[in-house]
Amino acid sequence: MDVKEQLVDQFDVLMDAIPNEVALLDSDGRIIALNQAWQQFADENQLTLAEAGLGANYLDICCQASEPHQRMAHEAFKGVSEVLTGQRKSFEMNYPCQSQTAHLWFKMRVTPVPGHAGFALMEHWDVTPSAARRTLLELDRQLMKLGGRDEPELQVARVIIERLQAFYMGCRALMLISDNSASGHRILSGDDFPGTLSESLLPLAQTFMTSVLSGARPYIEDCRSEVQHSALAELLLAHGYESVWSAPVRIHQDEQAVVLLLHCRAQRPSKTDRMVINKLSRAAGQTLRRLSYEQRLRRYQREFHEVYRHAPVGIALAEADGRLCSMNPAWLKMIGLDESLMYQNTIFDWVKESDHFRLKQSWKRLLKRDQTSARLELRFDTGHREPFWVRLNASVLSEDNGASAQLVLVCEYVHQYKRLQEQLGQAEQRFRYVAQATADAIWDWDIEADECWWSPGFYDMFGLSPSHAPVDKNFWRQNIHPDEQASLFAELKEFLAGDAIEWRQSYRFRRQDGSYARVKDKGYVLRNDKGQAVRMVGGISDVTKEYELEEKLRQSYRMEAVGQLTGGVAHDFNNLLTVIIGNSELLQEEVENSDAPLERETILETLELVLSAGRSGADLTQRLLAFARKQSLEPEVLDVLELLTDMDPILRRTLGDRVEFNWDLHDSLWHVEVDPSQLQNAILNLCLNAVDAMPGGGRLTIEASNIAVSEGCSVDGEMAPGEYVLLSVSDTGHGMDDQQQQRIFEPFYTSKPKGEGSGLGLSMVFGFVKQSQGYISLSSAVGEGARFQLYLPKYEGQAAPTRLRPDHDPEVSGRLRSVANILVVEDDTMVRQYVAQVLVRAGFNVKTASCPSQALAIFERQPAKFHLLITDVMMPEVTGFELAERIQAESPRLPVLFISGYNDSTSVSQQPDRVLLCKPFKKETLLKKVQSMLSTSSYIHGNLPASAANRRGYVTDEPDWKD
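Per an unreviewed UniProt entry, the protein chain goes by histidine kinase and derives from Saliniradius amylolyticus. Taken directly from UniProt, the Catalytic activity (unreviewed entry) text for the protein chain runs: "ATP + protein L-histidine = ADP + protein N-phospho-L-histidine."

Section: the overall build of the protein chain
Counting its secondary structure elements, the protein chain contains 28 helices and 33 strands. Counting all 963 residues of the protein chain, 45% fall into the buried class. Taking contacts inside the protein chain between residues at least 6 apart in sequence as the whole, the part at least 24 apart equals 60%. Looking at the protein chain as shown, the accessible area adds up to about 50200 Å², and 50% of this sits on carbon and sulfur atoms.

A short note on the sheet that holds strand β7 (residues 185-189)
The strand order β7-β6-β10-β9-β8 describes an open sheet built from five strands, whose pairing is antiparallel. Each of the sheet's edge strands pairs with one partner strand only, and the pair in question is β7 and β8 (219-220). In this sheet, strand β9 (residues 243-252) lies alongside β8 in antiparallel orientation, the contact comprising two bridges. For Tyr219, the partnering residue across the bridge sits in β9 and is Trp245.

Describing the packing of helix α24 (residues 829-841) against helix α27 (residues 923-936)
How two helices pack is summed up by the angle between their axes together with the distance between the axes. At a closest axis distance of 10 Å, the pairing of α24 and α27 adopts a crossing angle of 65 degrees. As far as their axial angle goes, α27 and α24 are roughly perpendicular. In this structure, α24 crosses over α27, and the sense of that crossing is right-handed. Residues Tyr834, Val835, Val838 and Leu839 of α24 lie in contact with α27, whose contacting residues are Lys923, Leu926, Leu927 and Val930. When its residues are assigned to classes, the contact of α24 with α27 shows seven nonpolar, no polar and one charged.

Observations concerning the pairing of β9
Within β9, seven of the 10 residues are buried, which leaves the element mostly enclosed by the surrounding structure. Two strands pair when backbone bridges link them, and β9 and strand β10 (residues 255-263) are joined in this way by nine bridges, in the antiparallel orientation. Its bridge partner being in β10, Val244 is matched across the sheet by Leu262. In this structure, the hairpin formed by β9 and β10 is closed by a connection of two residues.

Digging into the nonpolar core
Of all hydrophobic cores here, the largest spans 66 residues; its most connected members are Val80, Met108, Met122, Val156, Ile160 and Met175. Setting aside residues up to four positions removed in sequence, Val80 forms contacts with Leu25, Tyr58, Leu59, Phe91, Met108 and Val110. Counting 40 residues, the second largest nonpolar core, distinct from the first, contains Leu669, Val672, Phe768 and Ala786.

What about helix α26 (residues 880-890)?
All buried positions along α26 are accounted for by Gly880, Phe881, Leu883, Ala884, Ile887 and Gln888. All buried residues of α26 lie within an arc of 155 degrees about the axis, which places them on one face of the element. The outward face of α26, more than 90 degrees from its buried face, is lined by the exposed residues Glu885, Ala889 and Glu890. Residues of α26 that are buried in the fold lie against β28 (821-825), α25 (852-861), β30 (868-872), β31 (896-900) and β32 (914-918).

Some details on the packing of aromatic side chains
Taken as a whole, this structure holds 22 aromatic pairs when the rule is applied. Ring centres of Phe348 and Trp363 lie 5.3 Å apart, and the angle between their planes is 65 degrees; on these two criteria the pair is classed as edge-to-face. Linking Phe348 in the loop between α11 (339-342) and α12 (356-367) with Trp363 in helix α12, this pair joins segments that are 15 residues apart in sequence. For the residue pair Phe348 and Trp363, the accessibility class agrees, reading buried in each case.

Notes on the environment of Phe881
With respect to the helices and strands, Phe881 occurs in helix α26. Residue Phe881 is classed as buried on the basis of its relative accessible area, which comes to 13%. In this structure the C-alpha to C-alpha distance between Phe881 and Val896, which are 15 residues apart in sequence, comes to 9.4 Å.

Some points on a positive patch on the surface
Side chains of Arg133, Arg134, Lys279 and Arg282 sit close together on the surface and give a patch of like positive charge. Counting residues per element, the ones that place at least two in the positive patch are α5 (128-145) and α9 (271-310). Looking at the element boundaries, Arg282 is found in helix α9.

Definitions and cut-offs
- Residues numbered from 1 in each chain as written.
- Predicted model: local features only at pLDDT ≥ 70, side-chain atom pairs only at ≥ 80, totals over all residues.
- Heavy atoms only, no water.
- UniProt positions renumbered as here; feature names shortened; annotations may be inferred.
- Helix = DSSP H or I, 4+ residues; strand = E, 2+ residues; numbered from the N terminus.
- Buried < 20%, exposed > 50% of the residue type's maximum accessible area, 1.4 Å probe, protein only.
- Contact = heavy atoms within 4.5 Å.
- Areas by Shrake-Rupley, 256 points an atom, 1.4 Å probe, with all protein chains shown as cover.
- Pairing = 2+ DSSP bridges.
- Axes fitted to C-alpha atoms, helices over the stretch in contact; angles between N-to-C directions.
- Parallel < 35°, antiparallel > 145°, perpendicular 65-115°, else oblique.
- Left-handed = near helix turned anticlockwise from the far one by under 90°.
- Nonpolar A, V, L, I, M, F, W, Y, C, P; charged D, E, K, R; others polar.
- Core = buried A, V, L, I, M, F, W, Y, C linked by side-chain atoms within 4.5 Å.
- Arc of directions from axis to C-beta.
- Phe/Tyr/Trp six-rings, centres within 6.5 Å; stacked < 30°, edge-to-face > 60°.
- Patch = residues over 30% accessible without salt bridge, like charges linked within 9 Å, V, L, I, M, F, W, Y side chains within 5 Å.
- Salt bridge = Lys/Arg side-chain N within 4 Å of Asp/Glu carboxyl O.
- Lys, Arg positive; Asp, Glu negative; His and termini not counted.
- Charge placed at Lys NZ, Arg CZ, Asp CG, Glu CD.

Here's what the structure looks like:
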């Protein structure tokens, strides 16, 4: 037996116990023996021993290998040859092997047979799992190195294709990418992959990829029997590929991919194959995402750098202690300091000291991570310019370990904005103060949004509470008086549609209590470029009181005009009445002394009728003058309580039993200074008016009390503050409406039926109260009666009140009658003659003149002869007052009695030697005045002639009259 046969026998015995495939090579490289494991491998792959290599020359097999196994075959040839020739002790290498069911990797180790030169043992074992791990590790290493500016998909595809084709030799790897962006769908492959096949494969592979991404079977085991993707299978078979493996690559929402592995043999992927291809696809997805993020980061960094450099606001990076480590150009320009100096200081060094605390507090909170950002408005003070305002936004940057490292500062120059803001704040504050201080209601209407703002004065003006705060113009619309809404809204609509700027209106606006205020509204409109009204600002003024005062003033003007007319009529009428009454009285005296009884009785009856008519006329003129405030008053200091008490019997007899009469008098009423008779007449008129208002009976109450009226509490718009005695006359009659109340004091106005009232009673009361420096008011409502209130000023003097007593006839001294010389000046002939006759009949010596010039001529001839001057007030040439002044310039103590159809008492000084007597007057009244003045005058007692004791009275108009 030769050496080769001995070695084969020994190999069969020893090598069958080894689990790995082992072959025995001779010196030529021929396989002369296979162990049982090798034979089993051949059986599993349906190979004969010859096909499994028995008898074949391994070196020849290596020389016959083609791509892609040629390089590894050449390495195996060299290594095995060197072991057989003894040039190396052993040789090892990994190589791929395609079995019937799987793609495997084996490790081959060749060692010489000890003691037998030229023979070698070639051992093989399966290292597919470790090869797969090495492939994946190498893949990770290569993928980690990827980066730069190249397209991420191309970089990853090169590595994936290279690793797959290296692990699965003889296969082709592809990457199909589906991108919703502009690049769309594409196939990435190796350089040796046919381009025409890629173009044809793309639409078919896209369908396969959609199926795989949706979770369908990720491989085609045998293209010859494939049904679902038959078109793709036919295309691959035409190019020598019998199966396809795939794995999805998840990149992001808009981009996905599939790794395709094309095999030349029909084969289903094993567990290891699925592990390899799936891990490759996951690594590819992670790397693609990483590269995409890195590219995005680089883009962001470039963009940030551009923004950082060209940003219009200052941006800086600060350390925790406030030192700056980076600043952009805008920051440097804003601060205005050299960059080297800025790095030497902290940000706290530039902030104005008064703002330090706020900045440091925010800085601490950021470093403690109590907040992530802060926004402050501060003043920077760099020392080389005036302090200026900036808006600083600070955000904290944290390191990976969580420690606060740096802060990003964004600084905006807002000095001009702050100045404008301060000015705006001051303007708004002034506006608020003005809105609060003014009594007007300020409003601001946003026309486009239909929202309206009202100042607090609006609520005060109309009695609104904040809960009734109006928010739009509808509130304003709804509270305008219904009678004025249509015209006002139409006018406003026309105004807004036009091009005017200023709007003015007056209307009535409802208060919270339901009453209406008269207001004036003034607004200014703001228009846009198209001329459309977009905003309107204005103010509302409550002019209710002004409106009422204007109404009262107009009423006062009307009544003043009536008063002027009344005074003029009364003046002329008084002259006539003076003559009628006076001469009737004279005639009555003559008839009384007549001896013919029947004739005297008839004449007396006639004269009585004439006198009665004349006195009625005098009473009428007296009422007219009272209304015109031109009646002659004789004011006295009165105890009002005494006067009212004395009137009780008269009032009760006058008012009758059908009216319940009540007094409510204060015990300690102040004194007043008024004409007592006129006050009694006023009270009587008010009582009679009240009785007329209660035809079916009722209650009448007279009240009297003291009252102090303060500023702003006046019941009348013209009423002066002060102390008054308040007299009130109230009834429970039918009352009056507003229109009646407005005219109640007008002369000749009456609410009674025609023929039942003169309309002068209340006008006389009105005139008397006003002439006495007092005030009168009325409050009434229909069905609720009426209440008249008289405010008479308190007497502030020291004089005691006058005791009320009846008049006594004057006791005229016979001596004074016979010696007193009286000069009568009257332009009305009848009045002049009447006065002269009365005086002459009384025994006085009278000289008359028809005008002031004639009177002066008479007086200049005999200035010392006259003891009394009686003169009319209103005359041609000059008034009676001026005439008296001229005459008294020569005879200062000469007493003067003024007679007038007007009440000119305000022009007559309150002196014993200057007295006014108003027309018409009775004979007794004239004589009483003359007697009183002559008896109290010191002038007459010093100028009586000695021979005048028995002189008779006479009258003359002769210019050469002598005593």
